[in-house]
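# Structural overview
Below are the chains, spelled out letter by letter.
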Amino acid sequence: MSFWKKAAIGALLAAWLMPASAFAKKLNVVASTQDMASLAQEVGGDKINVQAIARGYQDPHFVEAKPSFLLMLKQADLLISVGLDLEIGWLPPLINQSGNPKVQVGANGYLDASQFAEILEKPTGQVSRAQGDVHPLGNPHYWLDPDNGRRVARGIANKLSELDPEDAATFQARFQDFDKRLGAAEKNWEAQMAPYRGRKVVTYHKSFPNFARHFGLDVVDYIEPRPGIPPTPQHTIAVIQKMKAENIKVELIEPYFDLKTPNSIASNTGAKVIVMLPSVGGEKQVTDYFKLFDYDIGLLIKAFQETK
Ligand SMILES: [Zn+2]
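In what follows, the accompanying structure is described. If you're wondering where the values come from, they're calculated on a predicted model, not measured in any experiment.

### So, the packing of aromatic side chains
Tallied over the full model, the rule gives 12 aromatic pairs. Between the aromatic rings of Phe-208 and Phe-211, the centroid separation amounts to 6.4 Å while the plane-to-plane angle is 80°, which identifies the pairing as edge-to-face. Exposure remark for Phe-208: the relative accessible area of 2% places this residue in the buried category. According to the relative accessible area criterion, Phe-211 is buried, its value standing at 0%. Summarising the aromatic geometry, the rings of Phe-211 and Phe-215 are spaced 4.7 Å apart at their centres and angled 45° between planes, so their arrangement reads as tilted. Placement of both Phe-211 and Phe-215 in helix α7 (residues 209–215) is noted, with a separation of four residues, approximately one turn of the helix. Residue classification places Phe-215 among the buried residues on the basis of a relative accessible area of 1%. One aromatic cluster in this structure is built from Phe-178, Trp-189, Phe-208, Phe-211, Phe-215, Tyr-289, Phe-290 and Phe-293.

The structure is reproduced here in structure tokens:
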């Protein structure tokens, strides 16, 4: 064996034998979705390792658990969830099985990001899942308003500062920088969307109320009769009638839904079907929170220009 090879193995062995505290330690952050992971990355920079569980092209309400997710959670210092029961079907069992006391619900390393955001469609009166509605606590797709992205990023920066006080100044400075860049991007997005304020659309699922409010879209109806309930023939007919009556020419469909019903509505109404992304990672090039809005706003403008 060459000297260099021996030296390399020696160094590896030494590193392996050294206590973990001898290294500049990074917080292991796991986010339930790529959107939360992107916001955490913005404020955490190279002081954290971030991984996401659900992929942006998957329906975040229904994610199939994999053994690799458990491994991620076992090693996590912080788990960031979207909350509002978005992950109710798949995240609680993973947290349980991970056996990691740091990330159990209520522990210091569990962060429900919905507490920072402005939530729309909050139910009044009795909350019931009896009819299968998957939004029983209000709309969980709140990250699609950049103002909520800012609020969540600030909340994550504060949590990271609490878990790693030595790097608190870095997290706060990175948040300030993110805030500034987001403010500039928002101005640009709003200017692009300004000519189309009040344009009427239908969406498949109730994924875009926060987006619609921020950018001035009017979401008139949904292809799902209720969030999480597949389209029915009666409801589809009602949507077609409404679209004809109100001259609605754009359907926004999340990438994980079957296009059969949207296409049949399109052939009845002459509307355009647009696959609009609710999440970072929904398409390969949409690698962060900024690119998500760049992508969606680009799609919308093109669709609105092509329809009147
Ligand atoms: Zn939903």
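From this point, the narrative continues.
### Focus: the coordination of the zinc ion
Around the zinc ion, the donor atoms from the protein are His-61 (NE2), His-135 (NE2), His-141 (NE2) and His-205 (NE2), and they sit 1.9 to 2.0 Å away. Note that the zinc ion binds four donor atoms; their angles at the metal cover 103 to 114°, and the shape is tetrahedral. The sequence pattern describing where the donors of the zinc ion fall on their chain is H-x73-H-x5-H-x63-H. Taken together, the positions of His-135 in the loop between β4 (110–112) and α5 (146–163) and His-205 in the loop between β5 (200–203) and α7 put the pair 70 residues apart, joining distant regions of the chain. Each of the two residues, His-135 as well as His-205, counts as buried.

### A look at helix α6 (residues 168–193)
Because an α-helix completes one turn every 3.6 residues, residues spaced three or four positions apart along the sequence face the same direction. Given a rise of 1.5 Å per residue, 26 residues ought to cover 38 Å, and the 36 Å separating the end C-alpha atoms of α6 matches this to within 8%. Every buried residue of α6 is accounted for by Ala-168, Phe-171, Phe-175, Phe-178, Leu-182, Ala-185, Glu-186, Trp-189 and Met-193. Against α2 (34–44), β2 (48–52), α5, α7 and α10 (289–306) lie the buried residues of α6.

Procedures and definitions
- Residues numbered from 1 in each chain as written.
- Predicted model: local features only at pLDDT ≥ 70, side-chain atom pairs only at ≥ 80, totals over all residues.
- Heavy atoms only, no water.
- Phe/Tyr/Trp six-rings, centres within 6.5 Å; stacked < 30°, edge-to-face > 60°.
- Buried < 20%, exposed > 50% of the residue type's maximum accessible area, 1.4 Å probe, protein only.
- Helix = DSSP H or I, 4+ residues; strand = E, 2+ residues; numbered from the N terminus.
- Donors = N, O, S within 2.8 Å, 3.2 Å for Na, K, Ca; no water.
- Tetrahedral: all angles 85-135°; square planar, octahedral: opposite > 155°, others 65-115°.
- Expected span 1.5 Å × (residues − 1).
- Contact = heavy atoms within 4.5 Å.

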